[in-house]
Amino acid sequence: MVYVKLESDWTDPDGVNHSAGESVDVDAATLAALQAEGVVSEGSGGGKDTTDWAGPGSTTAWAGPGSAGV
């Protein structure tokens, strides 16, 4: 599973609506489909400003495993 930040609204296969900016955990196949649809950006940042993103790939505010706060 991969934790990603949505660039636009998305309804998952279970019918649950997720808003742009929300982070969701998806499998690799779903991630590929979301990238193809432009729902998530590819790579680190995808050319968009991600300074407020504190998840994987963040260089400023990572709050996950290994951070000083964990």
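Residues numbered from 1 in each chain as written. Predicted model: local features only at pLDDT ≥ 70, side-chain atom pairs only at ≥ 80, totals over all residues. Heavy atoms only, no water.

**Q** For this particular structure, what's the right way to read the environment of Val39?
**A** Inspection of the secondary structure puts Val39 in the segment after helix H1 (28-37). With 19 residues separating them in the primary sequence, Val39 and Ala20 have C-alpha atoms 8.4 Å apart. With near-sequence residues (within four places) excluded, Val39 lies in contact with Leu6, Glu7, Ser8, Asp9, Trp10 and Leu34. (Helix = DSSP H or I, 4+ residues; strand = E, 2+ residues; numbered from the N terminus. Contact = heavy atoms within 4.5 Å.)

**Q** Please explain the side chain of Asp12 as it appears in this structure.
**A** Tracing the sequence through the fold places Asp12 in the loop between strand S2 (10-11) and strand S3 (17-18). Engagement of the side chain of Asp12 in a polar contact is seen with the backbone nitrogen of Asp14, the distance being 2.9 Å. (Polar contact = N/O pair within 3.5 Å; in protein donor to acceptor, adjacent residues only side chain to side chain.)

**Q** What is the right way to look at the nonpolar core in this model?
**A** Inside soluble globular proteins, nonpolar side chains tend to come together where they are buried. The biggest cluster of nonpolar side chains holds nine residues, and these are Val4, Leu6, Trp10, Val24, Val26, Leu31, Leu34, Val39 and Val40. Residue assignment for this core shows that the elements contributing at least two residues are strand S4 (23-26) and H1. For Leu34, the contacting residues outside a window of four places in its chain are Trp10, Val26, Val39 and Val40. (Core = buried A, V, L, I, M, F, W, Y, C linked by side-chain atoms within 4.5 Å. Buried < 20%, exposed > 50% of the residue type's maximum accessible area, 1.4 Å probe, protein only.)

**Q** Help me understand H1, please; the structure alone is not making it clear to me.
**A** The periodicity of an α-helix, 3.6 residues per turn, causes residues three or four places apart in sequence to face the same way. Turning to H1, its buried residues number three or more, namely Thr30, Leu31 and Leu34. End-on, the buried residues of H1 take up no more than an arc of 100°, which puts them together on one face. Those residues of H1 that are exposed and angled more than 90 degrees off the buried face are Ala28, Ala29 and Ala36. The secondary structure elements touched by the buried residues of H1 are strand S1 (2-5), S2 and S4. (Arc of directions from axis to C-beta.)

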